[in-house]
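Spelled out, the chains give:
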Amino acid sequence: MNSTELTAKISKVAEKFGINGINDIETCNIGHINGTFFAQSDKGHLVVQRINHNVFKDPAALMDNIIAVTDHIRKKMENEGASAEEIERSVMRFYPAKDGKYYAIDENGEYWRICKFIEGTCTYNSGSAEMLYQAGLGFGKFQRYLSDFPARELTETIPNFHDTAVRFAHFEETVAADAFNRADACRDLIEKVLSYKDTAKEIVSKLASGEIPYRVTHNDTKINNVLIDVKTGESVCVVDLDTVMPGSLLYDFGDAIRAGASAVPEGSLEFDKFAVREDLYKAFYDGFSLGIGDSITENEKNLLPLSAFMMTYEVGMRFLDDYLSGDTYFHTDYAGQNLDRARGQLALADDIMKKKDILLAIAK
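Residues numbered from 1 in each chain as written. Predicted model: local features only at pLDDT ≥ 70, side-chain atom pairs only at ≥ 80, totals over all residues. Heavy atoms only, no water.

Q: Can you break down the environment of Arg 74 residue by residue, with the values?
A: Tracing the backbone through its elements, the reader meets Arg 74 in helix 2 (residues 59–79). C-alpha of Arg 74 to C-alpha of Arg 341: the two residues are 267 residues apart in sequence and 39 Å apart in space. Excluding anything up to four places from it in sequence, Arg 74 contacts Ile 87, Glu 88, Val 91, Met 92 and Arg 93. (Helix = DSSP H or I, 4+ residues; strand = E, 2+ residues; numbered from the N terminus. Contact = heavy atoms within 4.5 Å.)

Q: Tell me about the sheet that holds strand 3 (residues 44–51), and please be specific about residues and values.
A: As summarised here, the arrangement of the 5 strands in space is 1-2-3-5-4, forming an open sheet in which the pairing is antiparallel. With one partner strand each, in any of the chains shown, strand 1 (23–28) and strand 4 (104–105) form the two edges of the open sheet. Judged from the 7 bridges that link them, strand 2 (residues 35–41) and strand 3 form a sheet pairing that is antiparallel. Across the sheet, Gly 35 pairs through a bridge with Arg 50, a residue of strand 3. Running over the sheet, helix 2 touches strand 3 and strand 5 (111–116) and is turned about 20° from strand 5. (Pairing = 2+ DSSP bridges. Axes fitted to C-alpha atoms, helices over the stretch in contact; angles between N-to-C directions.)

Q: Describe the nonpolar core, naming the residues involved and giving the relevant values.
A: Of all hydrophobic cores here, the largest spans 98 residues; its most connected members are Phe 284, Phe 309, Tyr 313, Leu 320 and Leu 324. Those residues in contact with Phe 309, other than ones at most four positions away along the chain, are Tyr 196, Thr 199, Ala 349, Ile 352 and Met 353. Core analysis: the second largest hydrophobic core is formed by 17 residues, Ala 14, Ile 25, Phe 37 and Leu 46 among them. (Core = buried A, V, L, I, M, F, W, Y, C linked by side-chain atoms within 4.5 Å. Buried < 20%, exposed > 50% of the residue type's maximum accessible area, 1.4 Å probe, protein only.)

Q: Any chance you could break down the sheet that holds strand 9 (residues 235–238) for me, citing the residues and the numbers?
A: Within a beta sheet, neighbouring strands are joined by backbone hydrogen bonds and run either parallel or antiparallel to one another. One open sheet accounts for 3 strands, arranged 6-8-9; its pairing is antiparallel. The sheet terminates laterally at strand 6 (121–122) and strand 9, the two strands that pair on one side only. Bridge analysis of strand 6 against strand 8 (residues 226–229) gives 2 bridges, and the strand direction is antiparallel. Residue pairing for strand 8: Cys 122 is matched across the bridge by Ile 228. In the packing of helix 4 (residues 129–145) onto the sheet, the strands contacted are strand 8 and strand 9, and the crossing angle to strand 9 comes to about 50°.

Q: Describe the pairing of strand 5, listing the residues and the values that go with them.
A: One ladder, built from 6 bridges, connects strand 3 with strand 5; its direction is antiparallel. Bridging from a neighbouring strand, Val 48 pairs with Ile 114 of strand 5. Pairing between strand 4 and strand 5: 2 bridges, direction antiparallel. If you follow Ala 104 over to strand 5, its bridge partner there is Trp 112. Counting the residues that bridge the hairpin from strand 4 to strand 5 gives 5 residues, and of these Gly 109 lies at a positive phi of roughly 80°.

Q: Lay out the packing of helix 4 against helix 9 (residues 278–292) in plain terms, naming residues and giving numbers.
A: The contact between helix 4 and helix 9 brings their axes to 6 Å, and the two run at 30°. It follows that helix 4 is roughly parallel to helix 9 by the angle criterion. Where helix 4 crosses over helix 9, the two elements pack in a sense that is right-handed. Side by side, helix 4 and helix 9 meet where Ala 129, Leu 132, Tyr 133, Ala 135, Gly 136, Leu 137, Phe 139, Gly 140, Lys 141, Gln 143 and Arg 144 of the first sit next to Leu 280, Ala 283, Phe 284, Asp 286, Gly 287, Phe 288, Leu 290, Gly 291 and Ile 292 of the second. (Parallel < 35°, antiparallel > 145°, perpendicular 65-115°, else oblique. Left-handed = near helix turned anticlockwise from the far one by under 90°.)

Q: Please provide a residue-by-residue account of helix 11 (residues 304–324), values included.
A: Look at helix 11: 30 Å from first C-alpha to last across 21 residues, which is about the 30 Å you get at 1.5 Å a residue. Within helix 11, 21 of the 21 residues are buried, which leaves it mostly tucked inside the rest of the structure. A positive backbone phi angle near 95° is found at Gly 326, which sits one or two residues after helix 11. (Expected span 1.5 Å × (residues − 1).)

Q: Would you mind going over the pattern of salt bridges in detail, with residue names and values included?
A: In this structure the tally under the stated criterion is 24 salt bridges. Where Lys 9 meets Asp 106, a salt bridge forms, and the shortest distance between an N and an O atom there is 2.8 Å. Of this pair, Lys 9 sits in helix 1 (residues 3–15) while Asp 106 sits in the loop between strand 4 and strand 5, and the two are 97 residues apart along the sequence. Asp 106 matches Lys 9 in its accessibility class, with the two residues each being buried. With its nearest N and O atoms 3.3 Å apart, the salt bridge here joins Glu 211 to Lys 206. Residues participating in the shared-partner salt-bridge network are Lys 9, Asp 106 and Glu 107. (Salt bridge = Lys/Arg side-chain N within 4 Å of Asp/Glu carboxyl O.)

Structure representation (structure tokens):
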């Protein structure tokens, strides 16, 4: 699609939201699920997104979740005395379509939404200890603002997304089927995944028993999902709310450590260098702890190191499951990439488990 066609397309979508004067369109190449575009308009700078309804089967429920959560945060900030300017900069603002819904459907059956662009911010894919601290602060505040939100009222946009017990059961079925005759090539990793069968159920079991509370969880707490002020370097706003669902804050904490506190990035082939950096773990924990305040329970705090292991183990298991299934879910750039990804994540999970007492001491 050339620039003229793209402008015409985005203009047509924007009209459904009562927005005109679309110009200066840029395509955002960060993210692999939704189509994202930046544009200027008569309402200022916008983020225009095409929702991938092959991944998100119920875009209407997805947007209901997002509006409920952002409205709640906005009201909490108002009650705490935040200024209108501060709130507009700290919470995503979505525009309703002409029919009052927060999405619109085009002539091809594609779902679209539009939100306000937050000026003077940027994102980072990796960073220093200070950056991890700011990301932790942002996600911690997100949890604090939503600590009294009735999480079970939200729709599961991706059912069983972080139910590690369910994913483990699926993995066992995949290994048993071995549909692509790949199991012999990674028997060591399969045995490693299977050895943690009981551990895989721990967080889910504690949620079910009430030992830890159900909360609103973000479920994709990579550092680049926190907007950072370009001048001050401080966290501004948590974004990418498509996977806000009921769950445990442990999912959010653990996945942030997995993605942000590793000594080498996820795609590295230096498998012997996968390890959790204690300085980055501490930086994220310090920010998260300050942000969440006393909203975290003692049981949750004691499980933070386990959460880092669990989310890393889960992702490693999913990569390995996809490899054994013929590479049908995760995009790959070369044969065996999912196997390499699994090897790296499971090495990181092992290192986190070895250091769990050290990591717990940081929280104490």
